[in-house]
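Fold and geometry: a report
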Amino acid sequence: MNNEELMLRAITQAEKFKYTAKPNPVVGAILHNGEEIISEGYHEKYGDNHAEINAITNAQKYYGVKFKRFADLTLICTLEPCSHVGKTGSCAKKIVDVGIKNIVIGSIDPNPKVAGKGIKILKENNINVAVGLHEKLVKNQNKYFFYKHQNNKLFVTLKIARSFDGKSHLNSNERVFVTSESSRKDVQLIRATQDAILTGGNTLRNDNPIMNARVDFKVNQPKKILLTNKKYRKDLDFFNEDFLEVFKSKDLKQILNSLSETDICSLLVEAGPKLATSFLEARCVDQIILYTSSKALGKNGVSWFKEDNAIENYGFKLESSYKIDSDTKQIYIKDE
Ligand SMILES: NC(=O)c1ccc[n+]([C@@H]2O[C@H](COP(=O)([O-])OP(=O)(O)OC[C@H]3O[C@@H](n4cnc5c(N)ncnc54)[C@H](OP(=O)(O)O)[C@@H]3O)[C@@H](O)[C@H]2O)c1
């Protein structure tokens, strides 16, 4: 196995932890001696050990058996080892301390706290560092993490479920399911990929949503964000977990700026027409996921938008279209 094959393995295995590592990036590390893999390590869960630390700890079990010195091994690492101490200590310092002398890195870490500083520590300690092997794959695999740090803002997805006649809900505010059960299951999967979900006061009051990811695998649940200026009942299902934040402000840019100071990289907006339109008007949306059902809500339904081609007029173009039972799922991205 060569470095290239092992980098691909580290990337593929790291992917298994994409729901539990977020909002951190998924990272994989492999120690090998040119003939065989000595150990592997992954960043499995947010707040837990980084991949390099797990690979080093796992290798220590074979010390004196499969290898004599860390200097005889090569470390493959999908992302630059961190320089900062953070929750778990500096990985770059640990690599230096155990005596690794060769490291192959997929991509520089875009987080300004690291961005080249980890590599600097390694080089200053006479470690051979090669960077850029399968860099594109690493960036794609951690799309939201790279987007956030390269643009200094969150990646915002707006979800819209509409009836065949373009409606969001009934004007009586009585709760109705606009789309099919399969589309609603698909939304649960999308929630599972996101670092945070945001909604508005009317949706909270009318729908009493839980707004977590209800899936049959382990997830670091998205943080819930509520925008309301009104008093709310804390006994609602929405508040049954403690990872949430309430903003009284209506200034979306300011709210997004303050969220980008946290670890969150991706945000799913699941609100009704008023708040969704405010997000679009403020040019705060990067992607729209649109579910259209084959059922109409009729004259008692509340329209999402005044015009038929509002999404295109807000500067989005269709990227992909799928069938989900009798519904259609379409993904729109910014037309730049
Ligand atoms: N079909 C779908 O995909 C979907 C998804 C979610 C919700 N819905 C439906 O949407 C209905 C509610 O829609 P909605 O548009 O009236 O309410 P909404 O989604 O709750 O958004 C409006 C509320 O958000 C708060 N807000 C804070 N900043 C804002 C800003 N900059 N611009 C606009 N609102 C801001 C205000 O809450 P306060 O008034 O509390 O201060 C405002 O009343 C619900 O009945 C629900 O069934 C449909």
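I will try to describe carefully the structure that is included in this document. The structure presented is a predicted model; accordingly, all values stated were derived computationally and were not measured.

Observations concerning the environment of leucine 204
- Structurally, leucine 204 can be placed in helix H9 (residues 201–207).
- For leucine 204, a count of 24 C-beta atoms within 10 Å puts it in the buried group.
- When the C-alpha positions of leucine 204 and glycine 166 are compared, they lie 22 Å apart, and in sequence the two are 38 residues distant.
- In contact with leucine 204, not counting residues within four places along its chain, are Thr199, Leu226, Thr228, Tyr232, Leu236 and Phe238.

A few points about the site of the ligand
- Taken together, the neighbourhood of the ligand is formed by 25 residues, with Gly200, Gly201, Asn202, Gly272 and Lys274 sitting nearest.
- Of all the elements in the fold, those that place two or more residues in the shell around the ligand are strand E6 (155–162), strand E7 (167–170), H9 and helix H11 (273–281).
- In terms of residue class, the shell around the ligand is made up of eight nonpolar, 12 polar and five charged.

Some words on helix H5 (residues 117–124)
- Residues of H5 that are buried include every one of Lys117, Gly118, Ile119 and Leu122, and no others.
- Of the surrounding secondary structure, the elements contacted by the buried residues of H5 are helix H4 (91–98), strand E4 (102–107) and strand E5 (128–131).

Comments concerning the packing of helix H3 (residues 51–60) against H4
- At a minimum axis separation of 9 Å, H3 and H4 run at an interaxial angle of 25 degrees. In terms of orientation, H3 lies roughly parallel with respect to H4. H4 is crossed by H3, and the crossing has left-handed handedness. Counted together, Glu52, Ile53 and Ile56 of H3 and Cys91, Lys94, Ile95 and Val98 of H4 form the full contact between these two elements.

Some thoughts on the sheet that holds strand E10 (residues 244–247)
- Overall, mixed pairing links the eight strands, which are arranged E10-E9-E8-E11-E6-E12-E15-E14 in an open sheet. Of all strands in the sheet, those with a lone pairing partner are E10 and strand E14 (316–324), marking the two edges. On average, each strand axis in the sheet is tilted by 20 degrees relative to the strand beside it, whichever way the strands run.
- Pairing of strand E8 (residues 196–200) with strand E9 (residues 223–227) involves five bridges; the strand directions are parallel.

Observations concerning the packing of H4 against H5
- At a closest axis distance of 9 Å, the pairing of H4 and H5 adopts a crossing angle of 15 degrees. As the angle between them shows, H4 and H5 are arranged roughly parallel. Like other packed secondary-structure pairs, H4 and H5 cross with a definite hand, here right-handed. In contact with Cys91, Ala92, Lys93, Ile95 and Val96 of H4, H5 contributes Gly118, Ile121 and Leu122.

What to know about unusual backbone geometry
- With omega at 5 degrees, the peptide bond leading from lysine 22 into proline 23 counts as cis.
- In this structure, proline 23 sits in the loop between helix H2 (18–21) and strand E1 (28–32).
- In this structure, histidine 134 takes a positive phi of about 55 degrees despite not being glycine.
- One can find histidine 134 in the loop between E5 and helix H6 (135–141).
- According to the C-beta neighbour criterion, histidine 134 is partly exposed, with 19 such atoms within 10 Å.

The rules behind each value
Residues numbered from 1 in each chain as written. Predicted model: local features only at pLDDT ≥ 70, side-chain atom pairs only at ≥ 80, totals over all residues. Helix = DSSP H or I, 4+ residues; strand = E, 2+ residues; numbered from the N terminus. Buried ≥ 20, exposed ≤ 12 C-beta atoms within 10 Å, placed from the backbone. Contact = placed C-beta atoms within 7 Å. Near = placed C-beta within 6 Å. Nonpolar A, V, L, I, M, F, W, Y, C, P; charged D, E, K, R; others polar. Axes fitted to C-alpha atoms, helices over the stretch in contact; angles between N-to-C directions. Parallel < 35°, antiparallel > 145°, perpendicular 65-115°, else oblique. Left-handed = near helix turned anticlockwise from the far one by under 90°. Pairing = 2+ DSSP bridges.

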